[in-house]
Structure formats: structure tokens, C-alpha cells
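Inside the fold
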Amino acid sequence: MAYTVIFQPSGRRGEVKAGTTLLEAAQQLGVGLESACGGAGTCGKCKLRIESGFFPKLGITSTPAHLTPPTEEEKQKLEARELQDDYRLACRARVEGDVLVYVPEKSRVAPQVILETGRERAFRLDPAVRKYYLELSPPTLRDPRDDCERLRDGLRAQYGLGGELKIDYAALLSLPEALRRENWKVTVTVWMDREIIAVEPGRKELAYGVAVDVGTTTLAAYLCDLGRGVTVGRKSAMNPQVRYGEDILSRVGYAASRPSGLEEMQNAVVQAVNGLIREMVAEAGISSEEVLDIVLVGNTVMHHILCGLDPRFVGQAPFAPVVKGPLDLRARDLGIEIAPGAKAHLLPLEAAFVGADNVAVLLAEEPYRQEDEIWLIIDIGTNGEVVLGNRRRLLCTSCATGPALEGAQIRFGMRAAPGAIEKVRIDSHTLEVGYKVIGREEWYPEIGHTGARGICGSGIVDAVAEMFRAGVLLPDGRINRRLATSRIRQGEDGQPEFVLAWAPETALGQDITVTQKDVRAVQLAKAALYVGARFLMQKLGVDKVDRIVLAGAFGTYLDRERALMIGMIPDCEPERIVAVGNAAGDGAQIALFDRSKRTEAVQVAQQVEFVETAAEPDFQKHFLAAMAFPHARDAFPHARRMLGLPVLTGDLAGRAGS
Ligand code: FES
């Protein structure tokens, strides 16, 4: 004897022999069901709901009585309420008649996809928005149901989407026309199985989403194909709020000092995000209305300004944000121009300035799955964020790095763009300089005219590290005026400076120099990062880390050995330092592709303990020691070996590590 089994919402149907379990039926019909225990009845992951009644469209009468009665295992694994609502374990329930089965979200196995960022990051493809194609019957005098009810009934009957589905106002406005344009054939987009957010005439399969990392200085946006799980477009731009202040505190100050300050800044960033979306959809040949979901991440201040939330109280102790949890807002309420009914999801914040961007970094890197290794994740931006730990405990802090590492506040600083000096080498004997600019393969002096226009963030770190290695900089950061070279001279401010590139080599027609002030800005930034990391290590009770992850676009280009030489990161074997690019952008994309990551983000944000390092006793003392190259007290054996300096041993090293 064979019976019909239909699985919803996929609509897969087929005939199975009497006595087949629903898990076997699902496997035969290609329906992915969670079954961690392999069907032993012990994991409780394979829960399904049995529908009751006659379903004319599907031509089936389904009832829980068409299955064998619940077993002992089911009575243990299912809650009383679930048993009452006709939930069953697929691996225990055997078919004895026709059944219509609804597979809840949690029991579905979604396909695995891999984010293309150069690093393999596998996740389930299970976006928050899903499209359903419906063929409905038109209203008649005998069936005068309203359009909305007709749509909901169709979703229930054809895809088992139960419960009271809400409908967005914009979707409601488009409903009558959408239903009638193609003779009652429509594609409905449902958000989180809870709300109808778009209704389009005919069959529409493509769904897109956008992920945006709203950085203090840079915006990075990604256009994602939610059906295939691939990123199809990328764009970045300066955050236009830079004109209101370079760092987060000056943005908070601007919002506080003018009645329209917050609105101006919100408007500026939203318009920039819209611009990036417009460029990406134009290149992909789609319309912005086809973008049905957006995930945005940013530090606490960027998050607040983007949402139009008053950031003033984030800027003063005890640094309380307006809201810490995740937000699902209407994209249109924020002024974001995508599908009119689309939601904008903002990942949760951690604490103080450590915001949703750091949560996104954690989603991408998953230190919370690390069993034994201790990971140190440093997201280098205008505001640096540091996370330390593993599955057992995670600590985080933020460091006011300043914009020096992004090429700002440096006399010849510029963004990482063609013409920026990105790599530097200095001969310790002759003090002659070799350097490479972005956009050219050859190094100076291999090519005489380099067209250099300035120095980018990784270039300034390289330059400072090489100046120290070659003896141009003393351990306290002063430029050594005693060296006999024309490259060291007195600058306009009366302070010494070092000539990196002579005027004829450059596109500026003037020498490009590293000034004493530039060196100080790098020292401040590197000391802030190092002290942050070191305090977290102290709190966790470790004196070394197993892996250092450098996140942020800057981290990608940073020469890890030179970062170590100047003591920007704790001493570690250089092979154990990895650069992962814009992990915050990757995490935002992952949350776009896999809705379960949004729940995971909430758990992670709650798990991470925030440490206010600036409030630690002796902060100033530690900071001053960290200003020196590589450090005034800590041992730095790997860095010292690379610098050709004697490695501190015995008492000295013991004191250095304290
Ligand atoms: Fe584990 Fe059914 S597969 S309980």
C-alpha cells in the first residue's frame, strides 16, 4: 500500500510505502531535514507539524491519525504543547495514510554556501526573505474573499505558511494591481515567515539583499544574490560624515551642538549608502526594488546616527546606548531606497563603542567556536576594537586609535589609492629608501618617477618600522638628527623630518616626508591598540596568544612583521598573524544569507564581556611604555630578533612581561 506525503513549504510530494518514517520519506523526496542523531530518536531535531483537514488545491486529506501513534521517545522529546499541536519526530512517525507535513524553520537543512572573500567561510543559505509563487482563483460572487485573505489562504494552502501573516503597508498598496496584472499569478516575498513585504505580478525568482559596513571613515557595501548565496557587487566610499568630525567623539559632539546636527549626519550617511546601492544595482542590471533585505553594521555611534538615535549618552560615562539589541526597522523609515516594504536589520551592539560591526567580525571569525587556542582579533579602524578569548570566555575593548592608520592626520597621508606609498624599505647602512606605490609593480629606485602622491595607512606603518630598524628613529620615537644624511632635515614646524621620496620622483612636485608629528601619531595609535590587547590578556590571565587576526581593510595591506617590529600587536610568531580583510562586511553578508546568524549574533553580543581599559589603574603608565619601539618594558623576542636587537632574557624579560 502506498500513500501521498507532501512537505511544506517546499511543496515536495510523492508516494511512499506504508510504514515508511517521515524522515525516510523526506530523504526520498529530497527534503533536507535536521537529523543530528541519524534517526535514532534521541536528538529531537527532526520535529514536524502534521496538518489536518481537506486541502482541495493539493487534493489531499491529512490527519495525524494517518501516522502511527506517538512513541515514548516522542513523548520525551516533544513538549506537551507541541504534542497537542500535532508535532511529531520525523524519524519515529510512520506513514499509514496521506499526510501534509509542515517543516518548521528549525528542522530544515539549508544548503551550505561559501562566502567568496578569499577565505572560506561556510554557512547555510537561509535568508530572512523568501519568495513564494502563487496561482490564485479570482474572486466571484460566491467567493468574495478580500485580496489579502485570498493571498494568505494561498500561502497557507500551497506552502503551509501558518499563523497570522502580517502585510506591510507598501505591499498592501500594490496588492490589487499585482494580483490582477498577470491573471492572479503572483510572487509573494515573505520576511522571516512572519510578514508579507512585497507582491509582484507573475513568477519572479531573483531576490537580492545588501550588506553595509558603516565605518567611521569608510563605507563598504555588498550586493548579494540571496537565491544563489553569492556576492555579485561591491562598492566602497568615504563616509561623508567625515566632514562633521574625523572620529566618533567629534561626531557625537556635532550631534549635541546643533539642533539639526544628528539629522544632517544621518541624511549624509543614508544618501551615501543609497548612492552605493544605486551603483551596484546599475552594474548588476537590476532595479533597487529587487533588493528585498538589508543588513547594516557599524560601531555604536555610527549605528545610532544611521538610525537617527541620539548618540549623546554613548559619548559620556557610563556610555549607555539607546538600544543594544538587534533592530528590524523599515528600510524606508531610514530613507534607504530599496524595495518599499523591505526591512533593515541592524545587528546587536556589544557595549560602549563596541558595536554591531564587531559582532559582525565575530560572526565571520567565530572565535567562540575555538576550543583551546586563544585568539586575539584586532579590527583596525579609526576606532580600534580588540577581542580576546575562545569558546570559554571572550573579552573585548575599544581603543581610540585615531585616523592615523587610515592615512589621515599624517602630513602626506592619503587613502589606499593609486599613487599611495604602501611599502617602504630603508638600507640601514646608506639610509637609502626603496618604496612601492599602489598601482605600480616596480619599486623605487627601479623606476625613477613613481608618481607618488602620498602615504597610505600601511605605508606609514612600514615607513615608521623601517625608520626604526635603520636607526633613523630612536626607541622613544625621536628622529635621530645625528645621522649624516640629507634625508633627515628640519621641517617647516622646526621639528625634524625624514624624506621618503624626493620631489622629482613624485606626482606632487615636492618631497614626501615623514614628520616627527607623523611618527607621534603612529606611536599613539599603536600604543592604544597594544595597551588594549595587553589589558585583555591580563584580565584573561594569559601572557601569549595563539593567533592574531587582523581585521579591517587596513589589516589586509599591513605588513605583519613591521606591525610587530613597532610593537603595535603583542609579540607572536609572524606566521600566526593572519589578515582577514573586512571581516565586519563579511559578517554582515553572512547575516544576510543565513537568518540563524542573527540569533547567533544576539548570543555572541551577550557573551562578550566589555572591559573599559582606559579606566584601568596604571593605564597611563602602560600607555607611555607602549609608545616606545617596540616597547619600553615588554620583551618582544620575535620583534627584537627581526630588528637585529638583543633579545631580553632572565630578569629583564621577566620584568618586561609583567
Ligand atoms: Fe534525531 Fe529524529 S533524527 S530525533
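That block above? That's the structure.
Residues numbered from 1 in each chain as written. Predicted model: local features only at pLDDT ≥ 70, side-chain atom pairs only at ≥ 80, totals over all residues. Heavy atoms only, no water.

1. A closer look at helix H11 (residues 457–469)
- Relative to the 18 Å expected for 13 residues at 1.5 Å per residue, H11 spans 18 Å between its end C-alpha atoms, a close match to the ideal helical length.
- Buried residues dominate H11, accounting for twelve of its 13 residues.
- If you check which residues of H11 are buried, you get Gly 457, Ser 458, Gly 459, Ile 460, Val 461, Asp 462, Ala 463, Val 464, Ala 465, Glu 466, Met 467 and Phe 468.
- Trailing H11 by a residue or two, Gly 471 shows a phi angle of about 90°, which is positive. (Helix = DSSP H or I, 4+ residues; strand = E, 2+ residues; numbered from the N terminus. Expected span 1.5 Å × (residues − 1). Buried < 20%, exposed > 50% of the residue type's maximum accessible area, 1.4 Å probe, protein only.)

2. Considering the nonpolar core
- Grouped together as the largest cluster of nonpolar side chains are 90 residues, with contacts concentrated most on Ile 294, Leu 296, Ile 336 and Leu 347.
- With eleven residues, helix H7 (residues 261–284) is the single largest residue contributor to this core.
- In contact with Ile 336, other than residues within four places in its own chain, are Val 270, Asn 274, Ile 277, Ile 294, Leu 296 and Ala 331.
- If you look at the next biggest cluster of nonpolar residues, it comprises 75 residues, including Ile 380, Cys 399, Ala 501 and Phe 623. (Core = buried A, V, L, I, M, F, W, Y, C linked by side-chain atoms within 4.5 Å. Contact = heavy atoms within 4.5 Å.)

3. Describing the sheet that holds strand S19 (residues 343–346)
- Spatial strand order, S16-S15-S14-S17-S19-S18: six strands in an open sheet with mixed pairing. Taken across any chain shown, the strands that pair with only one partner, and hence form the sheet edges, are strand S16 (230–238) and strand S18 (327–330). Each neighbouring strand pair of the sheet contributes to a mean axis angle of 20°, computed without reference to strand direction.
- Here seven bridges tie strand S14 (residues 208–214) to strand S15 (residues 218–225), and the two strands are oriented antiparallel to one another. When the bridges of S15 are listed, Tyr 208 appears paired with Asp 225.
- Packing of H7 onto the sheet brings it into contact with S14, S15, S16 and strand S17 (291–298), and relative to S15 it is tilted by some 40°. (Pairing = 2+ DSSP bridges. Axes fitted to C-alpha atoms, helices over the stretch in contact; angles between N-to-C directions.)

4. What to know about helix H12 (residues 516–540)
- The terminal C-alpha atoms of H12, which comprises 25 residues, lie 36 Å apart, in line with the 36 Å expected from a rise of 1.5 Å per residue.
- Along H12, 20 of the 25 residues are buried, which leaves the element largely enclosed by surrounding structure.
- Looking one or two residues beyond H12, the residue adopting positive phi is Gly 541, at roughly 75°.

5. Some thoughts on the packing of aromatic side chains
- Under the counting rule described, the total for this entry stands at nine aromatic pairs.
- Between Phe 123 and Phe 593 the ring centres are 5.4 Å apart and the planes differ by 15°, which places this aromatic pair in the stacked class. With a gap of 470 residues between them, Phe 123 in strand S9 (residues 120–124) and Phe 593 in helix H15 (residues 583–593) connect regions that are remote in the sequence. The pair formed by Phe 123 and Phe 593 is uniform in burial state, with each residue classed as buried.
- One aromatic cluster in this structure is built from Phe 535, Phe 619 and Phe 623.
- Positioned over the ring face of Trp 184 is Arg 150, at 5.9 Å from the centre of the ring.
- The ring of Tyr 133 has Arg 203 lying over it, and the distance from NZ or CZ to the ring centre is 3.9 Å. (Phe/Tyr/Trp six-rings, centres within 6.5 Å; stacked < 30°, edge-to-face > 60°. Lys NZ or Arg CZ within 6 Å of the ring centre and 35° of its normal.)

6. Focus on the packing of H12 against helix H17 (residues 619–627)
- One can describe the packing of H12 onto H17 by two numbers: an axis separation of 8 Å at closest approach and a directional angle of 125°. Classified by the angle between their axes, H12 and H17 sit oblique to one another. Seen along the crossing, H12 lies across H17 with a hand that is right-handed. For the pair formed by H12 and H17, the contact residues are Gln 523, Leu 524, Lys 526, Ala 527, Ala 528, Tyr 530, Val 531, Phe 535 and Gln 538 on the first element and Phe 619, His 622, Phe 623, Ala 626 and Met 627 on the second.
- Here the contact of H12 with H17 is composed, by residue class, of ten nonpolar, three polar and one charged. (Parallel < 35°, antiparallel > 145°, perpendicular 65-115°, else oblique. Left-handed = near helix turned anticlockwise from the far one by under 90°. Nonpolar A, V, L, I, M, F, W, Y, C, P; charged D, E, K, R; others polar.)

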